[in-house]
Amino acid sequence: MYLFICNLSIVDIFLTSVSVPKLLHMLLSGNHIVSSAQCYTQLYFFLAVAVVEDILLFVMAYDRYVAICDPLHYPQILSQRNCTLITIGIWVVAFFNSFMFVNLVLHMSSCHSNLIQQFYCDVKSLTKTTCTSSQLLFVIIAVETSILTGFPMLCTCISYVIIFSVVHKMKSRKSRSKAFSTCYSHITVVTVFYGTCIAEYLIPADSDILDSVFGTIYSTITPMINPIIYSLQNSNVQSALLRLGRR
């Protein structure tokens, strides 16, 4: 789990590094123009790290499933070698998928407008500007969303349904509490991540203000609170907060 948490921290750093520096440059300089090269580079890295986080959250849910539902086989199923291979595979798949998608977008012309109502280049904003083979783009987005977002989210939910059923059957209240305590942080992160992601991409296309608000939460606020959520699970952090509260 700590290997996956470490990768989640790296993803959060990348996610904010892709969007926030350019936003700060726009605010300080007053220049809101983004070149095509900057836009597609930003789209490439943002899409890649978003896919990494999506799949990584599912793998972390599976980690909790094995630890609670099949603890005797945990060292074998999620050995250091297997976890390393899974992690490498996630990054390779995410960056390859992002390369293929951006390569497709590059071959599409913009005819409606060159104005993006967002502070970073994302898929939803670019779909409003493309006119060549837009139907093909929408189909590919739908397929990618189903495979890389819908399927991991569904598997995560199924994992926790099984986990809750197993924990509920435990006779000892202490055992139930201990099992649930290992899942609180991940459940919170998953809820925040998928909640903001779904809200951003399901709001109407003409709601530019809401789009910007949820885009900000998704790309900056969520990566910022993830380390805080996991830090609160650490006993040393809890003790430090208690001492601070008493003072």
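In this text the structure is predicted, and so the values were computed from the model without any measurement.

A. Seen up close, the overall build of the chain. Assigned secondary structure in the chain consists of 10 helices and zero strands. Burial statistics for the chain: of 247 residues in total, 38% are counted as buried. Taken as a whole, the chain presents about 14000 Å² of accessible surface, with 69% of it coming from carbon and sulfur.

B. Representation of the UniProt feature "transmembrane region" (unreviewed entry) in the chain within the structure. Here, UniProt's "transmembrane region" (unreviewed entry) annotation points to residues 43-62, 83-106 and 136-167. The span residues 83-106 is 100% helical and 0% strand by assignment, and the distance between its end C-alpha atoms comes to 35 Å. End C-alpha to end C-alpha, residues 136-167 measures 45 Å, and it is 100% helix and 0% strand.

C. The arrangement of the nonpolar core in detail. One finds L8, L57, M60, F101 and Y218 to be the most contacted residues of the largest nonpolar core, which totals 48 residues. Listing elements by their share of this core, those giving two or more residues are α1 (2-29), α2 (36-69), α4 (80-106), α5 (123-127), α6 (134-168), α8 (184-202) and α9 (208-231). In contact with L8, other than residues within four places in its own chain, are E53, L56, L57, M60, V189, N226 and Y230. In terms of nonpolar packing, the next biggest core, distinct from the first, is built from seven residues, Y160, I163, A179 and C183 among them.

D. Representation of the side chain of N97 within the structure. With respect to the helices and strands, the residue N97 is situated in helix α4. In contact with N97, other than residues within four places in its own chain, are V51, E144 and L148.

E. Representation of the pattern of salt bridges within the structure. Under the criterion given, the structure shown has one salt bridge. With its nearest N and O atoms 2.6 Å apart, the salt bridge here joins D63 to R64. Just as D63 is buried, R64 falls in that class too.

The rules behind each value
- Residues numbered from 1 in each chain as written.
- Predicted model: local features only at pLDDT ≥ 70, side-chain atom pairs only at ≥ 80, totals over all residues.
- Heavy atoms only, no water.
- Helix = DSSP H or I, 4+ residues; strand = E, 2+ residues; numbered from the N terminus.
- Buried < 20%, exposed > 50% of the residue type's maximum accessible area, 1.4 Å probe, protein only.
- Areas by Shrake-Rupley, 256 points an atom, 1.4 Å probe, with all protein chains shown as cover.
- UniProt positions renumbered as here; feature names shortened; annotations may be inferred.
- Core = buried A, V, L, I, M, F, W, Y, C linked by side-chain atoms within 4.5 Å.
- Contact = heavy atoms within 4.5 Å.
- Salt bridge = Lys/Arg side-chain N within 4 Å of Asp/Glu carboxyl O.

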